[in-house]
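A look at the structure
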Amino acid sequence: MSKKTYQPKKRYRARVHGFFARMSTRQGRAVLKRRKLKGRKKISA
């Protein structure tokens, strides 16, 4: 049996896609802004 593609890790997810990762760069902040304007319930992982 081969492994499935997605092997979730909470720490990796948070570090790569989390709020602090987004806030650390200008483009990341732009991502949060767009998601807020769109009305997303969750703006980051």
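Residues numbered from 1 in each chain as written. Predicted model: local features only at pLDDT ≥ 70, side-chain atom pairs only at ≥ 80, totals over all residues. Heavy atoms only, no water.

A short note on the overall build of the protein
Rules: By the criteria applied, helices consist of DSSP H or I runs no shorter than four residues and strands consist of E runs no shorter than two, each listed in order from the N terminus. Each accessible area is a Shrake-Rupley result for a 1.4 Å probe, and residues are judged covered by the shown protein chains and nothing else.
A count of helices and strands for the protein gives 3 helices and 0 strands. Mapped from its N terminus to its C terminus, the protein presents α and β elements in the order α-α-α. Along the three orthogonal principal directions, the C-alpha set of the protein runs to about 45 × 20 × 15 Å. Of the accessible surface of the protein, which amounts to about 4700 Å², a share of 55% is contributed by carbon and sulfur atoms.

Focus on the side chain of Ser44
Note the threshold: Pairs of N or O atoms within 3.5 Å make up the polar contacts considered here, provided that, within protein, one atom can donate a hydrogen while the other can accept it, and that residues adjacent in sequence are counted only when both atoms are side-chain atoms. Whether two residues touch is decided by their heavy atoms; if any such pair falls within 4.5 Å, the residues are in contact.
Residue placement: Ser44 occurs in the segment after α3 (26–38). Of the polar contacts made by the side chain of Ser44, one reaches the backbone nitrogen of Phe19; its length is 3.4 Å. Among all residues touching Ser44, those that are not within four sequence positions of it are His17, Gly18, Phe19, Arg22 and Leu32.

Quick look at a nonpolar patch on the surface
The test is simple: Like-charged residues within 9 Å of one another, or nonpolar side chains (Val, Leu, Ile, Met, Phe, Trp, Tyr) within 5 Å, are grouped into patches, provided each residue has over 30% relative accessible area and no salt bridge. Whenever Lys or Arg places a side-chain nitrogen within 4 Å of a carboxyl oxygen from Asp or Glu, that contact is recorded as a salt bridge.
Together, Phe19, Phe20 and Met23 make up an exposed nonpolar region whose accessible area comes to about 340 Å². Its place among the elements puts Phe19 in helix α2 (residues 19–23).

Re α3
Residues lying three or four places apart along an α-helix face the same way, a consequence of the helix completing one turn every 3.6 residues. Heads up, the rule is: One less than the residue count of a helix, multiplied by 1.5 Å, gives the span that helix is expected to have.
Between its first and last C-alpha, α3 extends 19 Å over 13 residues, near the 18 Å set by a 1.5 Å rise per residue. Just downstream of α3 lies Gly39, where phi reads positive at about 90°.

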